[in-house]
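Topology and contacts: notes
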Amino acid sequence: MAWDISHLQALEAESLHIIREVASEFQRPVMLYSIGKDSSVMLRLAQKAFYPGPIPFPLLHVDTSYKFKEMIEFRDKMAASVGARLIVSSNQKALDEGANPFRLGTERCCGLLKTQALLDGLRAGNYDAAFGGARRDEEKSRAKERVYSFRDTLGQWDPKNQRPELWNIYNSRIEPGESIRVFPLSNWTEMDVWQYIHHEDIPIVPMYFAQEREVLVRGNSIIIPELAITQPRPDEKLQRMKVRMRSLGCSPCTGAIRSEADTLPKIIAELVAAKNSERENRVIDHDREGSMELKKREGYF
Amino acid sequence: MPAVAGVVDLTRFDVEEFLRGEESKDLLRFTTAGSVDDGKSTLIGRLLHDAKGAYEDQLKQAIRGGEIDFSLLTDGLRAEREQGITIDVAYRYFSTPKRKFILADTPGHEQYTRNMATGASTAELAIILLDASRGITTQSMRHAYIASLLGIPHIIVAVNKMDLVNYDQEIFQRLRAEFAPFLTRLGVNNAYFVPISALKGDNVVDLSKNMPWFDGHSVLHQLETVNTKLATVEAPFRMAVQRVVRPDMTFRGYAGQILSGVIRPGDEVLAQPSGRRSRVERIVTYDGDLKVAHAPLSITLTLADEIDISRGDMISAGPEPASSRSIEATMVWFNAQPLDPARHYLVKHASQMAPARVEAVEYRIDVNTLHAEPVTSLAMNEVGVVRLTAARPLFFDPYRENRGTGAFILIDRQTNATAAAGMIVAAAETGLESAADRLARLVRAVVPQGAHLNLPDEDEEAVAVVRDALKGILRHA
Ligand SMILES: Nc1nc2c(ncn2[C@@H]2O[C@H](COP(=O)(O)OP(=O)(O)OP(=O)(O)O)[C@@H](O)[C@H]2O)c(=O)[nH]1
Ligand SMILES: [Mg+2]
């Protein structure tokens, strides 16, 4: 008898262990649900972890108001179908004051609409542990993060002073006001996520599949102009091309890629040949050297 | 130019075949180890680059002065790039047609030993680097020692920076002759020595023309071919209960990850601490019931009888796990605040957390000589053997037999810091022990696991070892 297990089975087993551990050791856990492919996988893992019971924590979506329409529709459908409570947190004050990435720059915009709204949402629910779908292979400062990422009372990460984390034994001890961000997908790669979605038939936002769209080409980015703030300027005009999203974020800041991949196998094939990382099309990561680390220190996921 | 996805010839690429190939790949977790600046990050960057494990935009970010600085592929923190050293472990992922790899690039600096241990704890293979131009340092030995304590089954010793010593065979051989006996004393008998230049790529992926005298294999070849059979499956069945799943009155299941062994419906199991036995009724998963499950799968068990089981309990089959509140364990101390027997700690072992006290530090181990030294405390980065008592019984196997049930962490109750990592040696007798018994234990612990009773050759030195051990006993008597 061979006792080998596949790469994906090993990753799944590790993730289920993490999710169960958190649900058992913390008073008020919550799962960040960002609607993207990683969140879709994380949600399925949560279903598996507690089967045949329900997911014992709510989902929290940080809504910047700049997400794509298809994302919001998908979010509501998924939350209903897994029977989880969905909480939406937004920085309404900043939005009322007209916050957007063009006026504020991506760094400040993210700080207000993502980080601040996230911290507000976590505080409002008094959550002591928050699951996030981030992977270490996404970005070089994420590659440094623990599975249990300790955050002080202000939600900040101290990368130079992380708790040692040996084997699969996690230190869940915190004081009131402190919290832990938990990354059950830490060891998954982009390829693993796609293969798992394919293998498990996990629903994802249709924008991941290539289709003909009216887009705006600006510099190196292909923007899908859904919102008032992403309409073409007088000197720009819309083009039709077949595109898809490799990573889903806010519509002004997450570019599409030209692609023919309209099925999961084709997406996987495209990935095999990809020369650049998935975050290449995210404006936010490139503001300056180490910008992801700076944002995380301030409380970003 | 707008971003264009890599051009794939979809007519020629067979995705299903690719996926089948992916499914059949196994996974190797490995780590780097060695002194500061020995070239660990450079080696990893070189491997990622040559094995196409890095994307072009990431490579572009690593260019300094017109050339790729390979260490920047893993040194992802600002402070690391400013200081040119690794501070915390970086995890990277790559695959070759043969295998998938999760690698942990760890810091060499002594101050960050705890981060090295973090990266090494889950590894099945460690690449220990030595700098050919500087030789072996205390830190090289410390890392090799920690790697052996953690029970990493495979060791590659990469003698790096061969380009700085004219690819001189003699220097390689001298370092090997010096380091191999030390590894043997640690119980590591199968270390594979390779001369490399991480910077230039010699013997990293392909064998180098610069060292025709080397008739072994490249680092990548070793990584791809080392045997990764899951030893955990051969050990008896152990599962720590993480959670009781009870959606309604009709279902009561025990969720956990199988730490070792194999389980089938019908198997008799023991639940600790209750001591009650029952039979496995079902192995429940979201994807349907299983006929058989093995480590490291995460499952939910239902049992034939109603017995009291809750989080922290151990379900086992076959030989019973030891059960004791007092244990003897090897510990690596991480905290800046030294071990203090008067302080309150928590032990987290498998799925239980219990208050604990360190009753006594039996001895500290000198990393250079591997001799036991009597001490009353352990300071940061020191290794020693302690006697620890928990408020509740722990259910365990010795770490060298079972990593899953033999490992624990110690948490400082006041600061919540992870103060130490522990590897259980055996249950400790409470109360007074006979001197003979303790001497036997001590000698066993002084002698590295797997090694023979290799007291120093020099009589003087051998006597000193035994004398130190006896001193330790008398101190505690
Ligand atoms: N000549 C030469 N230099 C090398 C080689 N490998 C690494 N170096 C240099 O050695 C220095 C240290 O390399 P790193 O890869 O940062 O060393 P490290 O072991 O990761 O150091 P820490 O992580 O801080 O412990 C850098 O300047 C490298 O360019 C080599 O094979 N030959
Ligand atoms: Mg390094």
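Residues numbered from 1 in each chain as written. Chains lettered and ligands numbered in written order. Predicted model: local features only at pLDDT ≥ 70, side-chain atom pairs only at ≥ 80, totals over all residues. Heavy atoms only, no water.

1. A look at the overall build of chain A
For clarity, the cut-off: Runs of H or I in DSSP of at least four residues are treated as helices and runs of E of at least two as strands, each being numbered from the N terminus. With the radius of gyration taken over C-alpha atoms, the globule rule is written as 2.2 Å times the number of residues to the power 0.38. Throughout, a residue-residue contact means that at least one pair of heavy atoms, one from each residue, lies within 4.5 Å.
Along its length, chain A carries eight helices and ten strands. Its C-alpha atoms give chain A a radius of gyration of 19 Å, near enough to 19 Å, the size a compact globule of 301 residues would have. Overall size of chain A, expressed as C-alpha extent along the three principal axes, is 55 × 55 × 35 Å. Within chain A, counting contacts between residues at least 6 apart in sequence, those at least 24 apart form 74% of the total.

2. What to know about helix α2 (residues 37-50) of chain A
Two residues of an α-helix separated by three or four positions point the same way, owing to the 3.6 residues in each turn. To be explicit about the condition: The span you would expect from a helix comes to 1.5 Å times its residue count less one. Exposure classes here rest on a 1.4 Å probe applied to the protein chains alone. A residue is buried below 20% of its type maximum, exposed above 50%, and partly exposed in between.
Given a rise of 1.5 Å per residue, 14 residues ought to cover 20 Å, and the 21 Å separating the end C-alpha atoms of α2(A) matches this to within 8%. Most of α2(A) is tucked away, with 13 of its 14 residues classed as buried.

3. Notes on the pattern of salt bridges
Quick reminder of the rule: Salt bridges are defined by distance alone: a side-chain nitrogen of Lys or Arg within 4 Å of a carboxyl oxygen of Asp or Glu.
Counted according to the given criterion, the structure contains 48 salt bridges over all chains. As a salt-bridge pair, B:Lys25 and B:Glu22 come within 2.7 Å of each other at their nearest N and O atoms. Among the residues examined, B:Lys25 registers a relative accessible area of 8% and is labelled buried. When the shortest N-O distance is used, the salt bridge between B:Glu268 and B:Arg277 registers 3.5 Å. When its relative accessible area of 41% is taken as the criterion, B:Glu268 is described as partly exposed. B:Arg277 gets classed as partly exposed once you look at its relative accessible area, which sits at 41%. Each of the salt bridges in this network shares a partner with another, and the network as a whole consists of A:Glu12, A:Arg44, A:Lys48, A:Glu200 and B:Asp287.

4. What about the site of ligand 1?
Residues and elements named next belong to chain B. We count it as follows: A cutoff of 4 Å decides nearness: a residue is near a molecule or strand if any of its heavy atoms lies inside that distance of it. Methods summary: accessible areas were calculated by the Shrake-Rupley approach with a probe of 1.4 Å, and residue burial reflects only the protein chains presented. As a working rule, the residues Ala, Val, Leu, Ile, Met, Phe, Trp, Tyr, Cys and Pro are called nonpolar, Asp, Glu, Lys and Arg charged, and the rest polar, with Gly in that last group.
Taken together, 20 residues lie around ligand 1, and Lys40, Ser41, Thr42, Thr86 and Asp163 are the ones closest in. Bound to the protein, ligand 1 loses 84% of the 650 Å² it would expose on its own. If you tally residues by element for the shell around ligand 1, the top one is helix α2 (residues 40-50), at three residues. When its residues are assigned to classes, the shell around ligand 1 shows six nonpolar, nine polar and five charged.

5. Quick word on the coordination of the magnesium ion (ligand 2)
Residues and elements named next belong to chain B. To keep things clear, this is the line we draw: Listed donors are limited to N, O and S atoms within 2.8 Å of the metal, widened to 3.2 Å for Na, K and Ca; water is not among them, so incomplete-looking sites are possible.
For the magnesium ion (ligand 2), the full set of protein donor atoms is Ser41 (OG) and Thr86 (OG1), at a range of 2.0 Å. A residue pair is termed long-range when its members are at least 10 positions apart, and Ser41 in helix α2 and Thr86 in the loop between α4 (78-83) and β4 (90-95) qualify at 45 residues. We note that Ser41, like Thr86, is buried.

6. Focus: helix α7 (residues 169-185) of chain B
All names here are of chain B. Using the following cut-off: Polar contact criterion, stated in full: a pair of N or O atoms within 3.5 Å, where within protein one must be able to donate a hydrogen and the other to accept it, and residues adjacent in sequence count only if both atoms are side-chain atoms.
Counted at 1.5 Å a residue, the expected span for α7 with its 17 residues is 24 Å, and the 25 Å between its end C-alpha atoms agrees. For α7, the set of buried residues is Ile171, Phe172, Leu175, Phe179, Phe182 and Leu183. On its buried side, α7 packs onto β6 (125-131), α6 (138-149), β7 (154-160) and β8 (192-195). Structurally, the start of α7 carries an N-cap: the backbone nitrogen of Glu170 is 2.8 Å from a side-chain oxygen of Asp168. Once α7 ends, the next one or two residues include Gly187, with phi positive near 90°.

7. Points about the environment of B:Thr376
All names here are of chain B. Structurally, Thr376 is set in the loop between β21 (372-373) and β22 (383-396). Residue Thr376 is classed as exposed on the basis of its relative accessible area of 57%. The spacing of Thr376 and Ala360 is 16 residues in sequence and 7.2 Å in space, taken between C-alpha atoms.

8. A look at the interface of chain B and chain A
With 92 residues of chain B in contact, the opposing surface of chain A contributes 85 residues. Applying the counting criterion to the chain B and chain A interface returns nine salt bridges. For A:Glu25, the salt bridge identified is with B:Lys348, shortest N-O distance 2.7 Å. Between the two partners, chain B and chain A, sit 34 residue pairs in polar contact (both at pLDDT 80 or more). Its residues assigned to classes, the side of chain B that touches chain A shows 48 nonpolar, 22 polar and 22 charged.

9. Description of the nonpolar core
Rules: What we call a nonpolar core is a set of buried Ala, Val, Leu, Ile, Met, Phe, Trp, Tyr and Cys residues that are connected through their side-chain atoms within 4.5 Å.
Grouped together as the largest cluster of nonpolar side chains are 83 residues, with contacts concentrated most on A:Trp167, B:Phe30, B:Ile127, B:Leu150, B:Phe179 and B:Leu223. The residues contacting B:Leu150, other than those within four sequence positions of it, are A:Leu166, A:Trp167, B:Ala117, B:Ala120, B:Ser121, B:Tyr399, B:Arg403 and B:Met423. If you look at the next biggest cluster of nonpolar residues, it comprises 64 residues, including A:Phe50, A:Met78, A:Leu185 and A:Ala256.

10. So, the domain arrangement of chain A
Often, the extent of an interface is quoted as the loss of accessible area upon association of its parts. All names here are of chain A. Let me state the cut-off plainly: Where each domain begins and ends follows an automated or database-derived domain assignment.
Per the domain assignment, the segments of chain A are domain 1 (7-201 + 290-298) and domain 2 (206-286). A C-alpha centroid distance of 23 Å is found between domain 1 and domain 2. Contacts between the two partners involve 28 residues from domain 1, matched on the other side by 33 residues from domain 2. For the pair domain 1 and domain 2, the interface holds two salt bridges. Arg246 is paired through a salt bridge with Glu190; the nearest N and O atoms lie 3.0 Å apart. The tally of links from domain 1 across to domain 2 stands at five residue pairs in polar contact (both at pLDDT 80 or more). Where the side of domain 1 that touches domain 2 is concerned, the elements lending two or more residues are α3 (69-82), α5 (101-125), α6 (190-200) and α8 (291-297). When residues of the side of domain 1 that touches domain 2 are assigned to their parent elements, the largest contribution, six residues, is made by α6. Looking at the side of domain 1 that touches domain 2 residue by residue, the classes come out as ten nonpolar, seven polar and eleven charged.

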